[in-house]
Amino acid sequence: MIHLLVLDARLMDTLEAKYGALWATIWPEEFSFKDQFKKLIITVLSQNTSNINTIRAYKGLAAMFEVTPQVLASADVDQLKEAIRSGGLYNVKAKRLKDVSKAILEKFKGDVASVLTLPKEEAKAKLMELPGIGDKTADVLLTSRYSYQKVLPIDTHFRRVAKRLGITAPNANYDEIQNAYMTFLPEPYRERASGLLWLLAKNTCKAQNPRCSDCPLQRTCEYGMKR
Ligand code: SF4
């Protein structure tokens, strides 16, 4: 059964007090790129790994290569592997970096930002034509133009929390989870709330052994109320 609810504005103060200060420690400002190609590359590097590994891999890449589609498209895959090795999953990701860079040159003449000027659905469809780019990575790029108020990228943490809260069916797909969050997080404070919720997922609603008794959402959470 879907447990429909909306995050109460009063709970925002509690979430802010508990998780607000953690943001800066998790994602350094210097890796919040305005350059859309760099943003795409760091998002690819973040697939299926932690923030620490993502930043490690990006630093390794930037130390050996200029992070542009032209340079990465013509880079040697073994050298790319070496550059991002410290971030893990380097075999798959090195090839993905090269393939996506080549595709950006061929399809977008090397200019990712130009795609973001298209209407939202069209831009997303074009981004998802790129190799290795799914809903989440496309949505991360779309936030540059539309902000997190209009586009919420759904990662593994958001999926887990949505299902535990009961705002989606257990087998909900990407779009259904995203739509559920659009209701659960009211637009006026959606951007900040989504960041705080992500921190809650990482720190309290962990995949193994969620700490419900320490969670500000326990009284509105389907899973938490049963514990
Ligand atoms: S109450 Fe438990 S299951 Fe629900 S969001 Fe909090 S930690 Fe997760």
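Remember, predicted model here, so these are calculated numbers, not experimental data.

This part takes up the domain arrangement of the protein chain. As far as domains go, the protein chain holds domain 1 (9-24 + 152-225) and domain 2 (33-148). One C-alpha centre belongs to domain 1, the other to domain 2; they are set 27 Å apart. At 3 residues, the largest contribution of residues to the side of domain 1 that touches domain 2 is made by helix H13 (residues 190-203). Broken down by class, the residue content of the side of domain 1 that touches domain 2 amounts to 4 nonpolar, 1 polar and 3 charged.

Attention now moves to the environment of leucine 45. One can find leucine 45 in helix H3 (residues 36-46). Take leucine 45: there are 24 C-beta atoms within 10 Å of it, and that puts it in the buried class. C-alpha of leucine 45 to C-alpha of valine 140: the two residues are 95 residues apart in sequence and 13 Å apart in space. Apart from residues no more than four positions distant in its own chain, leucine 45 is found in contact with Thr54, Ala57, Tyr58, Ile84, Gly87 and Lys93.

The next subject is the site of the ligand. For the ligand, the set of nearby residues contains 14 residues, the closest of which are Cys205, Cys212, Cys215, Cys221 and Gly224. Ranked by the residues each element gives to the shell around the ligand, the list is headed by helix H11 (residues 156-165), at 3 residues. Looking at the shell around the ligand, its residues break down into 9 nonpolar, 3 polar and 2 charged.

Rules and cut-offs
- Residues numbered from 1 in each chain as written.
- Predicted model: local features only at pLDDT ≥ 70, side-chain atom pairs only at ≥ 80, totals over all residues.
- Domains from an automatic or database assignment.
- Helix = DSSP H or I, 4+ residues; strand = E, 2+ residues; numbered from the N terminus.
- Nonpolar A, V, L, I, M, F, W, Y, C, P; charged D, E, K, R; others polar.
- Buried ≥ 20, exposed ≤ 12 C-beta atoms within 10 Å, placed from the backbone.
- Contact = placed C-beta atoms within 7 Å.
- Near = placed C-beta within 6 Å.

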